[in-house]
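Given next are the chains, with one letter for each unit.
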Amino acid sequence: MASKFGLAGGIPERRVRPIWDAIDSRQFKNALKLLTSLLSKYPKSPYALALKALIHERMGKPDEALTVCLDAKELLYKDDSSLMDDLTLSTLQVVFQRLDHLDLATGCYAHACGRFPNNLELMMGLFNCYVREYSFVKQQQTAIKMYKLAGEERFLLWAVCSIQLQVLCDKSGEKLLLLAEGLLKKHIASHSMHEPEALMVYISLLEQQSKYKDALEVLSGNLGSLLVIEVDKLRIQGRLLARARDYSAAVDVYKKILELSPDDWECFLQYLSCLFEDDSMWKFFDDIDQIHPTKNIECKFSHLTEEMFDSRISSASELVQKLQRDTENSNLRGPHLAEIEIEKRKFLYGKKNDSELLKSLLQYFLKFGHLACYASDVEAFLQVLPPHKKAEFVGMLVENADSVSASATTVLGQTTTILKVQELTGNIFELPLGEIEASAVKLAKLYCQNLPLSKDLDPQESMFGEELLSLINNMLVQLYWRTRDFCYLAEAIMVLELGLAIRGHVWQYKILLLHIYSYIGALPLAFERYKALDVKNILTETVSHHILRQMLESPMWVDLNNLLQDYLKFMDDHLKESADLTFLAYRHRNYSKVIEFVLFKQRLQQSNQYEAARVEASLLQLKQNADSIEEEERVLENLKSGVQLVELSNEMGSRTLRFNEDMQTRPWWTPCPEKNYLLGSFEDFSYCLKENVNKDREENVKRSIQRKSLLPRMVYLSIQCSATALKESLETKGSGGDLKTCEELKSLLEEYTKTLGSSFSDAVEMITEISQGARTFETLGSDLVDWLNFAVFWNAWSLSSQEHWHVLNMLFERLILDRIKSMGSSEMSSCYSDVQVLVQIITEPLAWHSLIIQACTRSSLPSGKKKKKAQHSDHLPSSPMSQAIKDSIHSLCSTVQEVSNWLLNKINNPEDDQVERFLTTLKRNEGPGQVLGVLESFIATSEESEVGSRIFESLKTWSKADSARKTVTAQQRVLREFLQICESKRKLLEKLKQQMTHV
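The rules behind each value
- Numbering of residues begins from 1 in every chain and follows the order in which that chain's sequence is written.
- Totals for whole chains, interfaces and linings use every residue, but because this is a predicted model, local features are given only for residues with pLDDT of at least 70 and side-chain atom pairs only at 80 or more, for both listing and counting.
- Hydrogens are left out, water is left out, and the side-chain values use all remaining heavy atoms of the structure.
- The helix and strand labels rest on DSSP assignments: H or I over at least four residues marks a helix, E over at least two residues marks a strand, and numbering proceeds from the N terminus.
- With a 1.4 Å probe rolled over the protein chains alone, any residue whose accessible area is under 20% of its type maximum counts as buried; one over 50% counts as exposed, and the rest are partly exposed.
- Residue contacts follow a heavy-atom distance rule, with two residues in contact if any of their heavy atoms lie within 4.5 Å.
- Using the Shrake-Rupley algorithm and a 1.4 Å probe, accessible areas are obtained, with residue cover drawn only from the displayed protein chains.
- Counted as positive: Lys and Arg. Counted as negative: Asp and Glu. His and the chain ends are not counted at all.
- For this purpose, a charge sits on NZ of Lys, CZ of Arg, CG of Asp or CD of Glu.
- To get an axis, fit a line to the C-alpha atoms, keeping to the stretch in contact for a helix; angles then go from 0 to 180 degrees between the N-to-C directions.
- Note on terminology: angles under 35 degrees are roughly parallel, angles over 145 are roughly antiparallel, angles of 65 to 115 are roughly perpendicular, and the others are oblique.
- Throughout, a crossing is termed right-handed when the near helix is turned clockwise from the far one, and left-handed when it is turned anticlockwise from it by less than a right angle.
- Gly counts as polar in this scheme, as do all residues outside two lists: the nonpolar Ala, Val, Leu, Ile, Met, Phe, Trp, Tyr, Cys and Pro, and the charged Asp, Glu, Lys and Arg.
- Pairing of aromatic side chains here covers Phe, Tyr and the six-membered ring of Trp, requires ring centres within 6.5 Å, and sorts the geometry by plane angle: under 30 degrees stacked, over 60 edge-to-face, intermediate tilted.
- Salt bridges are identified by distance alone: a Lys or Arg side-chain nitrogen within 4 Å of an Asp or Glu carboxyl oxygen.
- The length a helix should cover is 1.5 Å for every residue beyond the first.
- Think of a polar contact as two N or O atoms within 3.5 Å of one another; within protein, one of them needs to be a possible hydrogen donor and the other a possible acceptor, and neighboring residues in sequence only count if both atoms come from side chains.
- UniProt positions are given in the numbering used here, feature names are shortened, and annotations may be inferred rather than shown by experiment.

S.K.: I keep staring at the overall build of the protein chain and nothing clicks. Help me out?
M.R.: Secondary structure assignment for the protein chain yields 49 helices and 0 strands. Principal axes of the C-alpha set define a box for the protein chain whose edges measure 100 × 90 × 65 Å. A buried classification covers 55% of the 999 residues belonging to the protein chain. For the protein chain, contacts bridging at least 24 residues in sequence account for 72% of all contacts bridging at least 6. A total accessible area of about 43700 Å² is found for the protein chain, and carbon and sulfur atoms account for 49% of it. Each charge class in the protein chain can be summarised by its mean position, and for the 117 positive and 135 negative side chains these summaries are 5 Å apart.

Set out below in C-alpha cells:
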C-alpha cells in the first residue's frame, strides 16, 4: 500500500500508515480503532471516512460502509478544494465498486474533473471508472481530452481502442473508424509513432475497414521498422497481401516465412490458400474458436482448371521437399505434415490418390508414431477418408509397427498411437468382442512390463504408458455396453483406481471415473473425483459440465448448492473485476490485450452455462423449501416473484449464447452432457465425431433455459390461484382463482408448451391420453419431467375441474409406479437412470403440486377464532373440489410410499453383502476380470528394486475391496439422501391429509 502514503486531505503519512498496515494484515478491528482516533482529530476528512468505509466493507458490513461512503462523498462535493485528491477518490472507488455502486464512484470523479479540468491524474481516474462501466463512448471522450491536454501518444491510442470497442461490441457505425484513422494520421504527421503496439493498433484499424493496401504501405514505410522481429513482420505482410487478393505476392512472402520457420503449420496452410487463391482460409482464422477448434478446414478448388491445379500442387510439393531436406536432421513435424496436406488436397480435388495419402500417413507414423501427438496430428486427414480406407489404414499401422528392433518406449508409443487411431476412426467399435477383450489384456500386460521405466520419475511427471489404462478403460466400457455385463464396468473402475493409486495427478483417469461413477449412481465418488481435478478460475466455466448435469438430477442438494454457488461466485467476481485487467492493459500500453479482455468478458456474459446455473440456483432454493409454503413464499419474495426470470425467458430467443465447455475432454460414450450412449443399445449406435454431436445443442439449451425460467413465476401464480380457489368453490361454486392471475398463468403455460414444441391444446390432449393409457410415456421423450410440470400448472390454472385432478393423479401414479416396477430388484448400478427420473419427479412436479395443495388447504382452514371447524365441514358435500384435493393427497401419499419402500429395500440390503457381490463378479475364469487378473498378478510378483519404492508402495497399499466398498457406500448415500426427501414429502402429505379432514 506504499502508493497510498503521503498527505491526503491534510492527513500526515505517519498517521495513515498504521491503519493501512492493519488493513493489509486483515486486523480490521485494530484498523477501526486506529481510525476512530484519527477521525477524532480529522472529523471532516473525506479520506478518513473513505478508509472507515473500506474497513466496514472488509468486515462484511455493506450497509454501514455505504452510509460512510455517502458521507465522504457529500464532504467532497463541498467547496473545500484541499479535500479533493486522487487518493481519496480511488479509495472511495474501491468501496463503491465492491458495493455494486460504480455509478457513485464515477460521479465523484466526474465532479472532481469538473472542478479541476486540467488535472491529468483525476482524468485518468475518471477514464478508469468508464472502463469499469464498459462505457466506450465516454472512455473515448475522456481519452481525447487527456490527449489534448498532454499530447501523449498513449492517450490517443486509448481513444482509438475505445472506438474499436464501440464498433466491435456496440455495433456502432463504422464512420467512427474513419475518425480514429484521421486522429492517428494527424498524430503521425506531427509526432510520428514510437511503439510497436501503436503500429499494431493502426494496422488493425485499417484492416477493420478492409484498407489492406493502405496497411501494406504503412508496414513497408518508416513505421514498419518498429517491428524488429522479421518473421512477425512477414506474417502481417502475408496476411495483408492475401486479404488484398494479391495472391502471387503473398505466396512469395509465405515461402520466406517457411524458410525461416519451417515448422509454422498455420503459415503453411495460409501459403496453400494463397497458392490456390482460396479465401475460405481467412474466414476460418477470423472465426477460430480456441475452445472448440475446428479440425476440418474448407478447401475451394472449383475455380481452378485441372492444369492450374496440377501446376500449383507441383510447386507446393517442391517447396515441401526442400523444407524436408533442410530439416533432415531435426525432429520438426511441420514439413512432413505438409506432405500429407498436399496429398489430402489432391484427394479432395478428385485425383483418386487415396493410396498415396495412406502411404504418406504411414510414413509419418514410422517417423513420429511413437509420439503422443500423432493421433491428433492426423485426425483432420483421417476425416476425409471413407470408412473402408480408415480400416485399411489401421491394418497398415498394425502391420508396420516395429515391435522387434525398436526400444521399449517406441513400441509403447506406437501401440498407444494405433489404439488412439482406432478410436478416432470408429474402427474399434466394429471389432469382435473377443478381439477387444484380448487387446485389453494385451495392453494390461504391456502396461505392467513398462512400469519399471517410470521408477525414477517424479510423481508430477507423466509416466510411460500412462495412456494405456485410459484405453483399457474405454475398451471395458464398450464391452459392458455391448454385453450389459456389469463386471466389465466394475473392472474399469478397478483399473482406473489402481492408476490413480500409482499416480494421483492423472486428470484423464479422474474424468473417466467421474463419468462411470455418475452412470452407476455412485455420485458422491463422482463429485469427489471432480473436486480432485482442483478446478479453479476459468476452468469452472470450461470443465464443470462434467458434473453439473448429474448433480442437478440428484438428491445431493448440499453439494449441488456448493457447486452452483462456487461457479456463480467465480463468474460474478470475474465479470465484476475483469475491468481491472483491461485498465492494466491500457496502462501497460498492451492494446491488443484491451480488445481481448473486453471480448472475453462479453463471451463469458453470454455463457449458456452461466444463464442455466442462475436459473437452477433459484429452482434449487424452491425445491429445498417446497415442504413449507411459508418458507417458499419467502424464497419467491427474494426472487421478485419470478418476474426477473420471466424477463430472461422472453429475452432468450433473441440472445446469442456461447458454449465455452471443453467437450474434447469428455469420454466417447458421453460426448455432451445431454447424451449418453450407454443408456441406449449398441445396435442403434453409429460413430459420430464429437464436434458434429454438439451442433444441435444451442437451440435445445436455449429452449431448456426459457422453459425453466418460467417455473418460479408459475409456482408463484399457482399459489395465488390456489389461495382463493377452494374458498370460492366452497362458497360460490365458482371456477376459482383470481381472474388476472389465472390469465397470466395461462399465458405462461402457452409459452411453456411452445418450448416443448407443442401448442397448449395439443399438450393438454397429450397428457390426458397418457393418463388414460391411450399413449405411452415414451411419447414425452427426454422432456418427461417438463411435461409433468406442465400438467401440474395446467391443473393449478383450472383447479375446480375434478377431471383435471384425476388426470394429474393418474400421471403421477402411472409414471412413478411403472418406473419402480421396471427397476424391480435390479442393482443400483443398472437402474440409476430411472432413479434420476424419480428424483426429478419427486423434487419438481410433485413438489410444485404439494405446494398448490398446501395453498388450497391453508385458505380453507379457519383463521383465528372467526369460524369453527364444524362450520366448514358443513360445506363439504357441496364442494367437489375439496374431495378432489383429498383424493389427490391420498394418491400422492401411497405413490411416494411406494418409492420409499423401494429405497428402503435397497438401503436395508447389508453393505457387506453388496460389496461381496461386487467383488464376486470379478472372480471368473473367462470373460470379465482378465485385465484385473493381469494387474493383480503383477502386483503380487513385483519387487521394490524393479518398480521403485514409490510405485511399489502404491501397488501394495491399493485394495480392490476398498474400491468396491467405497462404490457401494457412495450408492447407498445417494439412496439415503433420496429417501430423506421422500419421507419429508410423505410426512407433509400426511399432515395435509389430517388438515383436510377439518375442511
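Text resumes after the structure shown.
S.K.: Honestly, helix α20 (residues 374-382) in this entry has me stumped. Any pointers?
M.R.: Along an α-helix, residues three or four apart share an orientation, since each turn contains 3.6 residues. Of all the 9 residues making up α20, 8 are buried; the element is thus mostly covered by neighbouring parts of the structure. Three or more residues of α20 are buried, namely Y374, A375, D377, V378, E379, A380, F381 and L382.

S.K.: Can you help me understand the packing of helix α18 (residues 334-349) against helix α19 (residues 354-368) in this one?
M.R.: How two helices sit against one another is set out by the angle between their axes and by the gap between those axes. One can describe the packing of α18 onto α19 by two numbers: an axis separation of 9 Å at closest approach and a directional angle of 165°. Relative to α19, the element α18 is oriented roughly antiparallel. Crossing geometry of α18 relative to α19 is assigned as left-handed. Of the residues in α19, those in contact with H336, L337, E339, I340, E343, K344 and F347 of α18 are D354, E356, L357, S360, L361, Y364, K367 and F368. The residue makeup of the contact of α18 with α19, split by class, is 7 nonpolar, 2 polar and 6 charged.

S.K.: Would you explain the packing of aromatic side chains in this entry?
M.R.: Each aromatic ring pair is summarised here by two numbers: the centre-to-centre distance and the angle between the ring planes. This model, assessed by the stated rule, comprises 25 aromatic pairs. With 5.8 Å between their ring centres and 25° between their planes, W265 and F268 make a pair best called stacked. Of this pair, W265 and F268 both sit in helix α15 (residues 265-275), 3 residues apart, which is roughly one turn of the helix. Consider the rings of F486 and F918, whose centres lie 5.6 Å apart with planes at 80°: the pair is edge-to-face. Of this pair, F486 sits in helix α25 (residues 486-502) while F918 is found in helix α45 (residues 911-920), placing the two residues 432 residues apart along the sequence.

S.K.: I keep staring at the pattern of salt bridges and nothing clicks. Help me out?
M.R.: If charged atoms from side chains of opposite charge come close, those side chains can pair. The tally for this structure, following the rule as stated, stands at 55 salt bridges. For the salt bridge of E630 with R858, the shortest nitrogen-to-oxygen distance reads 3.9 Å. Of this pair, E630 sits in helix α33 (residues 629-638) while R858 is found in helix α42 (residues 845-860), placing the two residues 228 residues apart along the sequence. You can call R858 partly exposed: its relative accessible area is 35%. In this structure, E661 and R697 form a salt bridge, with 3.8 Å as the shortest nitrogen-oxygen distance.

S.K.: Honestly, helix α5 (residues 86-98) in this entry has me stumped. Any pointers?
M.R.: Given a rise of 1.5 Å per residue, 13 residues ought to cover 18 Å, and the 18 Å separating the end C-alpha atoms of α5 matches this to within 8%. Most of α5 sits out of view: 10 of its 13 residues are buried. Check the buried side of α5 and you find it contacts α1 (13-24), α3 (46-58), α4 (62-76), α6 (102-115), α7 (120-133) and α30 (557-587). Between a side-chain oxygen at the N-terminus of α5 and the backbone nitrogen of L87 the separation is 3.1 Å; the capping residue is D85. Positive backbone phi, approximately 60°, marks D100, located one or two places after α5.

S.K.: Looking at this structure, how should I read the UniProt feature "coiled-coil region" (unreviewed entry) in the protein chain?
M.R.: Per the UniProt record, the feature "coiled-coil region" (unreviewed entry) sits at residues 612-639. Each end of residues 612-639 is marked by a C-alpha atom, and these two atoms are 16 Å apart; helix forms 82% of the span and strand 0%.

S.K.: Would you mind showing me how to read the side chain of E632 here?
M.R.: Secondary-structure assignment places E632 in helix α33. Buried charged residue E632 carries no salt bridge. Nearest counter-charge: K985, at 8.7 Å. Not counting chain neighbours up to four residues away, the residues in contact with E632 comprise Q621, L622, N625, A626, V715, W848 and L851.

S.K.: I would appreciate a short explanation of the environment of T582 in the present structure.
M.R.: Relative to the helices and strands, T582 is located in helix α30. For T582, a relative accessible area of 3% translates into the label buried. Separated by 164 residues in the primary sequence, T582 and I418 place their C-alpha atoms 46 Å from one another.

S.K.: Just to check I follow, could you spell out the environment of L357 for this structure?
M.R.: Its place among the elements puts L357 in helix α19. For L357, a relative accessible area of 0% corresponds to the buried category. C-alpha of L357 to C-alpha of E341: the two residues are 16 residues apart in sequence and 8.8 Å apart in space. Every residue in contact with L357, bar those within four places of it in the chain, is listed here: I340, E343, K344, F347, V384 and L385.

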